[in-house]
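Architecture at a glance
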Amino acid sequence: METLKIDIKNAISFLKQNDFDQYKELTKNADLALKNKTGKGNDFLGWYDLPERISKTELDEINSVASDLRLKSDVIVVVGIGGSYLGAKAVIEALSGQFDNLKNKKGNPLILFAGQNLSEDYMFELMEFLKDRVFSLIIISKSGTTTEPAVAFRILKKELETRVGKKEASERIIAITDASKGALRSMANQEGYKSFIIDDVIGGRYSVLTPVGLLPIACAGFNIGKIVTGAKDFLKISNSDDFSKNQVYTYAAIRHALYSQNKTTEILANFDPRLNFVAEWWKQLYGESEGKENKGIFPASVSFTTDLHSMGQYIQEGLRNIFETVISIEKPKHKLTVPSDSDNFDKLNFLAGKHLDFINKMAEQGTMIAHIDGGVPNIKITLPEINEYYIGQLIYFFEKACAISGYLLRINPFDQPGVEEYKRNMFALLDKPGFEEETKKIKERLK
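A few words on the pattern of salt bridges. Applying the stated criterion across every chain yields a total of 30 salt bridges. Where E161 meets K157, a salt bridge forms, and the shortest distance between an N and an O atom there is 3.3 Å. Taken together, the residues E161 and K157, both in helix 7 (residues 147–164) and four residues apart, mark about one turn of the helix. Of the two residues, E161 and K157, both sit in the buried class. Residue K166 is joined to E161 by a salt bridge in which the shortest nitrogen-to-oxygen separation is 3.4 Å.

Encoded structure:
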């Protein structure tokens, strides 16, 4: 079986050899700290060997619950925010057909998401959409009190209970939460919800390969066993001590060598719109892990060729603090050629008979050459194709490289203290009990 590959020749050319070589030993040492649990945040390393620890029994249980929900649901709403929804949505969108949501496939429920925002219009329109449809809920929250998903779940739960009664509703709600504590755990125990556990040693943004990600993905009809196998196989590859053969080490090292040269923004680019939400998941993974202590590479993303007509000018000639990581897909799922036209008004007969993927690949190569000539280092990550197995590889590749990158920055890549700041301000403005002093101070500031 082929594997994910990384090519850094168009990035290393922007560096002196010593600028890159110094990271080889540092990268290995960072991985050793992960293996030995001696680095910062070592109590959140449950993801590190997770692919090897997921048993067939666990996968069978997830698949069984997913099968039950699929049989009795037109729509399954996944309620969560951040890592509690981004990974599942990224994988589902990558593996789905572009227009699957518009089709009515028997046995394939529509997977929708809620609790990832506080938009009244979004929630109202979701409720309107669900009026004539049979739906079930997957609520994902370690505490059960995170505002966005808790509000959405309260609304959806009430609608479901009103429609089918508490007993039937309890059989249509799956909770993924803490093993023993928190509001959602208490509610799940009281109401009798089927539940899965969020492991204390796995943070949200590293949780795609837990029930947090696997249950919604299985509900969408995809083979989670193949995803886990892809991750497991890549885990073994990433344990190689040979730097030249370890793609994880290479990616972490070249990112930080470029960062040391003031390349402070990384743009993740793809030429297949199915990967757009993979980029959103990647942005959370790297942004929340690295952005601390006034350090970190800012993660941005573009979808080509679409964004070449919007962001292309900036990437080509803007501030030269950027580098680009391109995810390239070797083989498309379908085949389609450009037809010939006798009038040739658009002057495109030179493309007649050519596959769209071939044209897209030439756009990819031409774009990379242009950006390199414009002073933008390019890293290329190649997947043989988009399927469960290779998406599993990509997930683990990015997770491990992110953890190593955090250690190269000498920060804790597994916490997110800054996220709490907006919450305190929001609670103060909402007059939440216990925030009286904060409420007074913030309202003074707003006068």
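So, on to helix 2 (residues 17–36). For helix 2, built from 20 residues, the straight-helix expectation of 28 Å at 1.5 Å per residue is met to within 8% by its first-to-last C-alpha distance of 30 Å. At K24, helix 2 shows its maximal bend, which comes to roughly 25°. Taken residue by residue, helix 2 has D19, F20, Y23, T27, A30, D31, A33 and L34 as its buried positions. In this structure, the buried side of helix 2 is in contact with helix 1 (9–12), helix 12 (247–259) and helix 16 (388–408). Count one or two residues on from helix 2 and you reach K37, which has phi positive near 55°.

Our next topic: the sheet that holds strand 9 (residues 322–329). Whenever strands of a sheet pair, they do so through backbone hydrogen bonds, lying parallel or antiparallel. A sheet is described by the order of its strands in space; here five strands give the open sequence 1-10-9-7-8, paired in mixed fashion. Edge strands, defined here as strands with exactly one partner in the open sheet, are strand 1 (5–7) and strand 8 (298–303). Ignoring which end each strand starts from, the neighbouring axes of this sheet average 20° apart. Summarising the sheet, strand 1 and strand 10 (residues 378–383) pair through three bridges and their orientation is antiparallel. Bridge pairing links K5 to T382 in strand 10. Lying over the sheet, helix 12 contacts strand 1, strand 7 (265–270), strand 9 and strand 10, oriented at roughly 30° with respect to strand 1. Its contacts with the sheet place helix 13 (residues 276–290) against strand 7 and strand 8, and it is angled at close to 175° to strand 8.

The rules behind the values
- Sequence positions are assigned chain by chain, starting from 1 and proceeding in written order.
- In view of the model being predicted, local features appear only for residues whose pLDDT reaches at least 70, and side-chain atom pairs are presented and counted only at 80 or more, with totals across whole chains, interfaces and linings using the full set of residues.
- The side-chain figures draw on all heavy atoms in the structure; neither hydrogens nor water molecules are used.
- A pair is scored as a salt bridge if a Lys or Arg side-chain nitrogen falls within 4 Å of a carboxyl oxygen belonging to Asp or Glu.
- Only DSSP runs of H or I reaching four residues or more are called helices, and only runs of E reaching two or more are called strands; each is numbered from the N terminus.
- Residue exposure (1.4 Å probe, protein chains only): buried if accessible area is under 20% of the type maximum, exposed if over 50%, otherwise partly exposed.
- By this rule the span expected of a helix is its residue count minus one, scaled by 1.5 Å.
- One axis fitted to the seven residues ending at a residue, another fitted to the seven starting there: the angle between these axes is the bend at that residue.
- Between two residues, a contact is recorded if the distance between any of their heavy atoms is within 4.5 Å.
- In this analysis, strands are considered paired if DSSP registers two or more bridges between them.
- Every angle, taken between N-to-C directions, lies between 0 and 180 degrees, and every axis is a line fitted to C-alpha atoms, over only the stretch in contact when it is a helix.

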